[in-house]
Amino acid sequence: NTPLPLHIKLSSKGSPIDEKDKAYMAKVSYASAVGSLMYAMVCTRPDIANAVGVVSRYMANPGKSHWEAVKAIMRYLKGTTSHGLVFGGSDDRSCKLVGYCDSDYAGDRDRRKSTSGYVFTLGGTAISWRSRLQTVVALSTTEAELIAAVEAAKEALYLKRLLCDLGFEHESIDVRCDSQSAIHLAENLAFSSRTKHIEVRESFLVAMDEDKQVCLRKVHTKDNAADMFTKALPIGKFKHCSRC
């Protein structure tokens, strides 16, 4: 029902340690399978973005648990061959670009890095998405959300210029975030001993907001379409995100 079931918790501890497991995994085309899933994810299947990102972390030394997760993604794809990206909707949605961003705080079980995710919709469906492990270790949920918001803001600027070249003007791009603290920091250039280490990212978002290029807007967690790009979700929440 979902690309990555909730009971699957992957880490480097699942890598083979004895010769029997190493011999078994040597016969498995793990890298080839993950590479094929990557092509599907990049082109037409944003719903498997987080799952593919998770299994790709163990390309160097995959184990049986990692291979089971890859097969789970394939079973999900086999059961959802009729799913796809459909453009349409009412006139007021057709040319309006809307973004969603989210993060999963310290979700990586090996290095405790957080995962950033964003998705932008146009014409009622997704046109740009990303699920990526953050390059730094966030020290709080607010910092993790702020990093995700900055990545989404940079993508919003690129898409805004692209749409402008195609004749679709956007005065400001709404990026919807479910973290009130991250939005507050983006709107108020004030620092304390707890937040001064994220000063540069905060300043970038404040500048985007002042220039009316990118505006962070609050969205309820249950309506945040980027949630499925950061973590494994129960089937009800996952299906809801897929329809956003």
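Residues numbered from 1 in each chain as written. Predicted model: local features only at pLDDT ≥ 70, side-chain atom pairs only at ≥ 80, totals over all residues. Heavy atoms only, no water.

The next point concerns the overall build of the protein. If you tally the helices and strands in the protein, you get nine helices and five strands. Counting from the amino terminus, helix and strand elements in the protein follow one another as α-α-α-α-α-β-β-β-α-β-α-α-β-α. On C-alpha atoms alone, the protein measures out to a radius of gyration of 19 Å, which is about the 18 Å that the 2.2 N^0.38 rule sets for 244 residues. Out of the 244 residues belonging to the protein, those deemed buried represent 48%. (Helix = DSSP H or I, 4+ residues; strand = E, 2+ residues; numbered from the N terminus. Rg over C-alpha atoms; globule rule 2.2 N^0.38 Å. Buried < 20%, exposed > 50% of the residue type's maximum accessible area, 1.4 Å probe, protein only.)

Here we come to the confidence of the model for the protein. On average, residues of the protein score 89 in pLDDT, and 92% of them reach the 70 mark or higher. Highest mean pLDDT in the protein belongs to helix H3 (residues 49-55) (97); lowest belongs to helix H5 (residues 91-94) (52). (pLDDT = per-residue confidence, 0-100.)

Strand order in this open sheet of five strands is S3-S2-S1-S4-S5, and the pairing throughout is mixed. In the strand order of this sheet, the two ends are held by strand S3 (125-133) and strand S5 (214-218), each with one partner. Strand after strand, the sheet turns through a mean of 20 degrees between neighbouring axes, direction not considered. Judged from the four bridges that link them, strand S1 (residues 98-104) and strand S4 (residues 173-177) form a sheet pairing that is parallel. Bridge pairing in S4 places Val98 opposite Asp174. (Pairing = 2+ DSSP bridges. Axes fitted to C-alpha atoms, helices over the stretch in contact; angles between N-to-C directions.)

Considering soluble globular proteins, one finds that nonpolar side chains tend to be buried as a cluster. Counting residues in hydrophobic clusters, the biggest one holds 36 residues, and the most contacted among them are Tyr30, Val55, Val70, Ile73 and Val119. Residue contributions to this core peak at seven residues, all from helix H4 (residues 64-79). Residue contacts for Ile73: discarding those within four places in its chain leaves Pro3, Leu37, Ile48, Ala51, Val52 and Val55. Counting 24 residues, the second largest nonpolar core, distinct from the first, contains Leu146, Ala153, Ala182 and Leu205. (Core = buried A, V, L, I, M, F, W, Y, C linked by side-chain atoms within 4.5 Å. Contact = heavy atoms within 4.5 Å.)

Time to look at the packing of aromatic side chains. All chains considered together, the criterion is met by three aromatic pairs. For the pair Tyr118 and Phe120, a centre-to-centre distance of 5.7 Å together with 65 degrees between the ring planes defines the contact as edge-to-face. In this pair, the class of Tyr118 matches that of Phe120, namely buried. (Phe/Tyr/Trp six-rings, centres within 6.5 Å; stacked < 30°, edge-to-face > 60°.)

Moving on, we get to H4. Along an α-helix, residues three or four positions apart point the same way, because every turn accommodates 3.6 residues. With 16 residues, H4 ought to run about 22 Å at 1.5 Å a step, and its terminal C-alpha atoms sit 23 Å apart, in line with that. Three or more residues of H4 are buried, namely His66, Trp67, Ala69, Val70, Ala72, Ile73, Tyr76 and Leu77. The inward-facing, buried residues of H4 contact helix H1 (19-26), helix H2 (30-43), H3 and helix H9 (235-243). (Expected span 1.5 Å × (residues − 1).)

This brings us to the packing of H2 against H4. At their nearest, the axes of H2 and H4 sit 11 Å apart, and the two run at 35 degrees to each other. Judged by the twist between their axes, the crossing of H2 over H4 is left-handed. Between H2 and H4, the residues in contact are Tyr30, Ala33, Val34 and Leu37 and His66, Trp67, Val70, Ile73, Met74 and Leu77, respectively. Looking at the contact of H2 with H4 residue by residue, the classes come out as nine nonpolar, one polar and no charged. (Left-handed = near helix turned anticlockwise from the far one by under 90°. Nonpolar A, V, L, I, M, F, W, Y, C, P; charged D, E, K, R; others polar.)

With that settled, the discussion passes to a nonpolar patch on the surface. A contiguous nonpolar surface patch, about 400 Å² in accessible area, is contributed by Tyr158, Leu162, Leu166 and Phe168. Among the secondary structure elements, Leu162 is positioned in helix H6 (residues 141-165). On the accessibility criterion, Leu162 (35% relative accessible area) is partly exposed. (Patch = residues over 30% accessible without salt bridge, like charges linked within 9 Å, V, L, I, M, F, W, Y side chains within 5 Å. Areas by Shrake-Rupley, 256 points an atom, 1.4 Å probe, with all protein chains shown as cover. Salt bridge = Lys/Arg side-chain N within 4 Å of Asp/Glu carboxyl O.)

Below, the discussion takes up the pairing of strand S2 (residues 115-122). Extensive coverage of S2 is indicated by the burial of eight of its eight residues. Side-chain alternation along S2 places Thr115, Gly117, Val119 and Thr121 on one buried face and Ser116, Tyr118, Phe120 and Leu122 on a second face that is also buried. Where S1 lies against S2, seven bridges are found, and the strand directions are antiparallel. Looking at S2, one finds that Cys101 is bridged to Tyr118. Hairpin geometry of S2 and S3 is characterised by an intervening segment of two residues between the two adjacent antiparallel strands and by a positive phi of about 70 degrees at Gly123.

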